[in-house]
Amino acid sequence: MLRNLYLMGYRVSSSKCLTICLGLTFLMGCFIATLPIPPPESQNLRISAKTLDKKKLAIIVPFRDRFEELLEFVPHMYKFLKKQNILFDIFVIQQKDSNRFNRASLINVGYIFTNKNYDYIAMHDVDLLPINDNLKYDYPGLGPLHISSPETHPKYHYATFIGGILLVSRDHFELVKGMSNNYWGWGLEDDEFYVRLKDAGLKVFRPKNITTGTENTFKHIHDKSYRKRDMRKCFNQREVTRHRDRVTGVHDVAYTIHSTHSVAIDDLPITVVNVELLCNKSVTPWCKCPEPAKVKNTKQQ
């Protein structure tokens, strides 16, 4: 620039030259100061670490032949949990044998199947859909979180009820040795699990500040006239299942996985695990109840 001034007929003294150079340096510094500054590498590392530290949820759905309910469950849960920014996957643990349905054992199998890659599980009935956005599926670090509390569940309202939807951390599930494998047929397995939690000194938490009630917190899509519950009691089942099971649990659930399938419902991925539960009939003969004897028609023709 100084050379250009000289060619244009200006004589520039050394003092003026110094003044011009200092001015140019100041202007250049102001320009650089206005440029956006990229975030430091340490900030990027903090963001990445926060993302990596986010807890992952495995939704365990004990299942048998309820496909029309599953078709509604999967899109609903994806939409519901997307709002909460929950990292989750859905695992349908399908019982594929001729024994009576065993919800607790299927949950044990689901826990084992997902144990390595997930921090907590949701023991989730396929026919119970949350519709209140204040029901948060966050990591239950302090203790199990019962989403479908007695105050809001459409059907069950006793104080110790923990069925329907229960979130449990991996550490707490292992602490109580999972669920009992003795409950073939419908009911009582969640009541026994409540006693396990209580004996371990774990408090069951429930959602707070839920202003909806039993009619509008969940959508219950179970049709009891179409799907009758297997409430039969045979052999000594009633006597045994009334007491706390201190023997069986996730450590000794007997099963065989026949196949796993990656399935999409409305382009939403789930994993289906086909499981055969193995029954020790000398311990739990009620895994199969004998069919009631048919009454002969003795009326004379």
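This write-up is about the structure you can find in this document. Every chain begins its residue count from 1, and numbering advances along the sequence as written. Confidence filtering applies because this is a predicted model: local features only for residues at pLDDT of at least 70, side-chain atom pairs given and counted only at 80 or more, and all residues used for totals across whole chains, interfaces and linings. The side-chain figures draw on all heavy atoms in the structure; neither hydrogens nor water molecules are used.

### Details of the sheet that holds strand 5 (residues 145-146)
DSSP bridges decide pairing: two strands pair if at least two such bridges lie between them. By definition, any uninterrupted DSSP run of H or I lasting at least four residues is a helix, any uninterrupted run of E lasting at least two residues is a strand, and each is numbered from the N terminus. Ordered in space as 5-6-3-1-2-9-8, the 7 strands form an open sheet in which the pairing is mixed. The two strands at the open ends of the sheet, each matched to only one other strand, are strand 5 and strand 8 (255-265). In terms of strand pairing, strand 3 (residues 120-124) meets strand 6 (residues 165-169) through 5 bridges, oriented antiparallel. Bridge pairing links histidine 124 to isoleucine 165 in strand 6. By definition, residues are in contact when any of their heavy atoms lie within 4.5 Å. All axes here are fitted lines through C-alpha atoms, helices being fitted over the stretch that makes contact, and every angle between N-to-C directions spans 0 to 180 degrees. This element, helix 4 (residues 67-82), spans strand 1 (56-63), strand 2 (87-95), strand 3, strand 8 and strand 9 (268-277) of the sheet and lies at about 165 degrees to strand 2.

### Examining unusual backbone geometry
In the Ramachandran plot, lysine 177 falls in the positive-phi region, its phi being about 65 degrees despite a non-glycine side chain. Summarising the element assignment, lysine 177 is placed in the loop between helix 6 (170-175) and helix 7 (189-199). Positive phi values are uncommon outside glycine, yet aspartate 266 reaches one of about 55 degrees. For aspartate 266, the position within the fold is in the loop between strand 8 and strand 9. The exposure class assigned to aspartate 266 is exposed, which follows from its relative accessible area of 58%. Each residue gets one of three labels from its accessible area relative to the maximum for its type: buried under 20%, exposed over 50%, partly exposed in between, using a 1.4 Å probe on protein chains only.

### Quick word on the pattern of salt bridges
Salt bridge, as used here: a side-chain nitrogen of Lys or Arg that lies within 4 Å of a carboxyl oxygen of Asp or Glu. Enumeration according to the criterion identifies 14 salt bridges in this entry. A salt bridge links arginine 64 to aspartate 97, with the nearest nitrogen and oxygen atoms 3.3 Å apart. Of this pair, arginine 64 sits in the loop between strand 1 and helix 4 while aspartate 97 sits in the loop between strand 2 and helix 5 (103-114), and the two are 33 residues apart along the sequence. With its nearest N and O atoms 2.5 Å apart, the salt bridge here joins lysine 219 to glutamate 72. Of this pair, lysine 219 sits in strand 7 (residues 218-220) while glutamate 72 is found in helix 4, placing the two residues 147 residues apart along the sequence. Note on lysine 219: relative accessible area 40%, which makes it partly exposed.

### Structural notes on the pairing of strand 8
Relative to strand 9, strand 8 is paired through 10 bridges, and the arrangement is antiparallel. Directly across from isoleucine 257, in strand 9, lies its bridge partner valine 275.

### Here's the deal with helix 7
Owing to its 3.6 residues per turn, the α-helix brings residues three or four apart onto one side. Listed in full, the buried residues belonging to helix 7 are Glu189, Asp190, Glu192, Phe193, Arg196 and Leu197. For helix 7, the angular spread of the buried residues around the axis is 155 degrees, confining them to a single face. In this structure, the buried side of helix 7 is in contact with helix 5, strand 3, strand 6 and helix 6. Among the residues trailing helix 7, glycine 201 stands out with phi positive, at a value near 75 degrees. What the arc describes is the spread of directions from the helix axis to the C-beta atoms.

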